[in-house]
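# Analysis of the macromolecular model
Residues per chain are reported as follows:
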Amino acid sequence: MTSPTITPQLDLDSEQLARAYERESATRQFESGKRLVGDLALVPGERVLDVGCGTGRLAEHIADIVGPSGSVLGIDPLVERIAIARGRSRAHLAFEVGDARDLGGLSDASFDAVLLNAVFHWLPDKAGPLSSFIRVLRPGGRLGLTTWPPGQRTMLQQARLEVLAEPPFDRHVRPADGVLFRVDEDRMRALLGQAGFTDIRIELRPAEQTFADAEAAIRYSEASAFGNFLGHLPVELRARAREEIRRQLQAKVGDQPVVRREHRMVVFARKPEGA
């Protein structure tokens, strides 16, 4: 039987989660994002769209690279995160509440680069956003993104699956991959090609994150998932499920840190010069 599609809920985010993400992402998503930015080889004067910018750390870093002669727009559908990001605003760095699925307010060919750092797997529909990205890119403009491919399961994900398979949590259906929508390399190439991108390059890079204990690993996942870590459960069951997952994960690692080892998919593509 096919599991129902459960999409991420944006209204589960909170100021507390947003501030936790601001702290947690400083040495995690931000660092991987800086590597993506380096690979895109941005230069002063370029116009950049950061989709799913979160609290704006990476967009601020990009603004330092493109300088006052360039510009950066960060968009994110999470109001609390944009509120923090706006504290980083300056003349050539702006933030707006916005969604990758609806870029209708942005002009055609208005950016030299579009990037998504750890965002693409949150999008149930891929084709629509990719069509929007290529529309807002100038001819020859670049797309860069990082995402998680399918077929990987961390210890935390395994512990969560095991707990959610037990009563009373099992009465509330959740797909094995949660609210993530991952695609493999072949599907990614097909999607990019269908959208009109060329010069497609896809790399799988090893990624490792270390957390002091199970509690730290869960806090990071909660902040990154903007309330969707256990968002499918009734409110009265969430604290109980969280504690069971923490115990299960801690039992798996004992007195050792929690190490998350995966491969990150890093994707680059270009809008044809004549498009």
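Refer to the structure presented above.
This one's a predicted model, so the numbers in the text were calculated from it and none came from an experiment.

### Observations regarding the overall build of the chain
Helix and strand content of the chain: nine helices and seven strands. Here the C-alpha radius of gyration of the chain, 19 Å, is about what a compact globule of 275 residues would show, namely 19 Å. The principal-axis extents of the C-alpha atoms in the chain amount to approximately 55 × 40 × 30 Å. Out of the 275 residues belonging to the chain, those deemed buried represent 53%. When contacts within the chain are restricted to residue pairs at least 6 apart in sequence, long-range pairs at least 24 apart make up 81% of them. With an accessible surface of roughly 12,400 Å², the chain has 49% of that area assigned to carbon and sulfur atoms. Of the side chains in the chain, 37 bear a positive and 38 a negative charge, and the two mean positions are spaced by 1 Å.

### So, helix 9 (residues 235–253)
Because the α-helix completes a turn every 3.6 residues, residues three or four places apart line up on one side. Taking 1.5 Å per residue as the helical rise, helix 9 with its 19 residues ought to reach 27 Å, and the 28 Å between its terminal C-alpha atoms agrees with that figure. Each element contacted by the buried residues of helix 9 is listed here: helix 6 (155–164), helix 8 (214–224) and strand 7 (258–270). One or two steps after helix 9, the chain reaches Gly254, where phi turns positive at roughly 65 degrees.

### Comments concerning the packing of helix 5 (residues 127–136) against helix 7 (residues 185–195)
Two numbers describe how helix 5 lies on helix 7: the axes approach to 9 Å, and their chain directions differ by 50 degrees. Classed by the angle they form, the pair helix 5 and helix 7 counts as oblique. Here helix 5 and helix 7 pass one another in a crossing that is right-handed. Seen from helix 5, the contacting residues are Ala127, Leu130, Ser131 and Ile134; seen from helix 7, they are Leu191, Leu192 and Ala195.

### Brief notes about the pairing of strand 4 (residues 111–117)
The two faces of the sheet receive side chains in turn, since in a regular strand these alternate between them. Counted residue by residue, strand 4 has seven buried out of seven residues, so it is predominantly covered. Summarising the sheet, strand 1 (residues 47–51) and strand 4 pair through three bridges and their orientation is parallel. When the sheet's bridge partners are listed, Leu49 is paired in strand 4 with Val114. Relative to strand 5 (residues 137–147), strand 4 runs parallel, the two sharing six bridges. Paired with Leu115 across the two strands is Gly144, which belongs to strand 5. In this view, the connection linking strand 4 to its parallel neighbour strand 5 by way of helix 5 has right-handed handedness.

### So, the nonpolar core
Counting 30 residues, the largest nonpolar core has Leu49, Leu116, Phe133 and Phe197 as its most contacted members. Among the secondary structure elements, those contributing two or more residues to this core are strand 1, strand 2 (71–76), strand 4, helix 5, strand 5, helix 7 and strand 7. Dropping the residues within four chain positions of it, Phe133 is found in contact with Val51, Ala100, Leu103, Val114, Leu116, Leu143 and Phe197. Counting residues in hydrophobic clusters, the runner-up holds 21 residues, among them Phe30, Val37, Ile62 and Ala63.

### A short note on the packing of aromatic side chains
In this structure the tally under the stated criterion is two aromatic pairs. Judged by centre distance (4.7 Å) and plane angle (55 degrees), the ring pair of Trp122 and Phe226 falls under tilted. With Trp122 in the loop between strand 4 and helix 5 and Phe226 in the loop between helix 8 and helix 9, the pair connects residues that are 104 residues apart, well separated along the chain. Neither residue differs from the other here; Trp122 and Phe226 are each classed as buried. Look at Phe211 and Tyr220: their rings are 5.3 Å apart centre to centre, the planes differ by 40 degrees, and that puts the pair in the tilted class. With respect to burial, Phe211 and Tyr220 carry one shared label: buried. A cation over a ring is seen here: Arg28 above Tyr220, with NZ or CZ 5.3 Å from the ring centre. Across from the ring centre of Phe120, 4.6 Å away, lies the NZ or CZ of Lys126, which sits over that ring.

Rules and cut-offs
Residues numbered from 1 in each chain as written. Predicted model: local features only at pLDDT ≥ 70, side-chain atom pairs only at ≥ 80, totals over all residues. Heavy atoms only, no water. Helix = DSSP H or I, 4+ residues; strand = E, 2+ residues; numbered from the N terminus. Rg over C-alpha atoms; globule rule 2.2 N^0.38 Å. Buried < 20%, exposed > 50% of the residue type's maximum accessible area, 1.4 Å probe, protein only. Contact = heavy atoms within 4.5 Å. Areas by Shrake-Rupley, 256 points an atom, 1.4 Å probe, with all protein chains shown as cover. Lys, Arg positive; Asp, Glu negative; His and termini not counted. Charge placed at Lys NZ, Arg CZ, Asp CG, Glu CD. Expected span 1.5 Å × (residues − 1). Axes fitted to C-alpha atoms, helices over the stretch in contact; angles between N-to-C directions. Parallel < 35°, antiparallel > 145°, perpendicular 65-115°, else oblique. Left-handed = near helix turned anticlockwise from the far one by under 90°. Pairing = 2+ DSSP bridges. Right-handed = clockwise from strand over helix to strand, strands pointing away. Core = buried A, V, L, I, M, F, W, Y, C linked by side-chain atoms within 4.5 Å. Phe/Tyr/Trp six-rings, centres within 6.5 Å; stacked < 30°, edge-to-face > 60°. Lys NZ or Arg CZ within 6 Å of the ring centre and 35° of its normal.

Function-wise, these values are silent; they only describe arrangement.
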